[in-house]
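# Commentary on secondary and tertiary structure
The chain contents come next:
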Amino acid sequence: MKRLFAFFLLGMRAVFLHPIRQLFTPPDRKGKAGFLRSYAPEALVPATVQDRADLVRFTGCVNCGLCDAVCPLVAKLPPSEWRGPSLFALAYSRASPELPHLRGPVALLDLCGTCTRCRDICPRGVPLLDIFAFTRRKLAQVDAVRADASAPAAPPQDEADAPAAAPGFTA
Ligand code: SF4
Ligand code: SF4
């Protein structure tokens, strides 16, 4: 009986309460805009079909360290921040990395130039340069979404159309 009552409550919520609540929810708090507003502070952004396919390709690292041994940038940051290119490969082989924490190493990658040593030596064929490009792109996306989410809401149209107040005037 309790179970039936629980199903009844769930049904009421799905059929009546949720649609009614949606009617009174502002557009920027529902759908994709609402998702971004909620999850952008945690650096979570939507993944496209292509992103998901790429993430599968990024998972082959076995932590052999060969790529770090040949990278000329290894000494450029403290080891706690950057052990070498395997930092990225390992991060994606275990989970999705915390993108903002990779900001320092991502900036360092600007110095790679035309070097491809890490990718060429990898015995697992991990596409390191693709991983770098992907991480850069996603970090830029996180920053853009966070900036949008923290921007003040646009004023109502009649306020936006009103003439600007004279300098020094306060209501
Ligand atoms: S060489 Fe390849 S498998 Fe080895 S640590 Fe680097 S990315 Fe991982
Ligand atoms: S491509 Fe960049 S990260 Fe890879 S070995 Fe060269 S300098 Fe290091």
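Going by the structure above, here's the rest.
Conventions and cut-offs
- The numbers attached to residues start from 1 for each chain and follow its sequence in the written order.
- The order in which chains are written sets their letters, starting at A; the order in which ligands are written sets their numbers, starting at 1.
- Totals for whole chains, interfaces and linings use every residue, but because this is a predicted model, local features are given only for residues with pLDDT of at least 70 and side-chain atom pairs only at 80 or more, for both listing and counting.
- The side-chain values count all of the structure's non-hydrogen atoms but skip hydrogen atoms and water molecules.
- Distances are taken per atom, and a residue is near a molecule or strand as soon as one of its heavy atoms is within 4 Å of it.
- Lys, Arg, Asp and Glu make up the charged group, whereas Ala, Val, Leu, Ile, Met, Phe, Trp, Tyr, Cys and Pro make up the nonpolar group; the residues left over, Gly among them, are polar.
- Grid points spaced at 1 Å and placed over the protein atoms alone form the basis of the search, with a cavity being a set where a 1.4 Å probe fits but cannot get out and a pocket an open set showing protein on both sides within 12 Å along at least five of seven lines. Lining residues have an atom within 4 Å of a point.
- To decide whether a molecule occupies a pocket or cavity, check its atoms: if more than half lie within 2 Å of the grid points, it is inside.
- Grid points are joined across faces, edges and corners, and a volume is the space filled by probe spheres set on the points.
- The way it works is that DSSP assigns letters per residue, a run of H or I at least four long becomes a helix, a run of E at least two long becomes a strand, and they are numbered from the N terminus.

### Some details on the site of ligand 2
- Residues in contact with ligand 2, as listed here, are Cys71, Pro72, Leu73, Pro85, Cys112, Cys115, Cys118, Leu129 and Phe132.
- Across the shell around ligand 2, the residue classes tally to nine nonpolar, no polar and no charged.

### Overview of the site of ligand 1
- If you check the shell around ligand 1, you find Cys61, Val62, Asn63, Cys64, Gly65, Cys67, Ser86, Ala89, Cys122, Pro123 and Arg124 and nothing else.
- Spatially, ligand 1 is embedded in the largest cavity.
- A per-class count over the shell around ligand 1 returns seven nonpolar, three polar and one charged.

### Points about the layout of surface pockets
- Taken as a whole, the largest pocket encloses approximately 310 Å³ of empty space.
- Lining the largest pocket are 15 residues, with Ala43, Leu44, Ser96, Pro97 and Leu99 positioned closest to its centre.
- Those elements giving two or more residues to the lining of the largest pocket turn out to be helix 3 (49-57) and helix 8 (128-150).
- When its residues are assigned to classes, the lining of the largest pocket shows ten nonpolar, one polar and four charged.

By themselves, these are just geometric observations and shouldn't be taken as functional.
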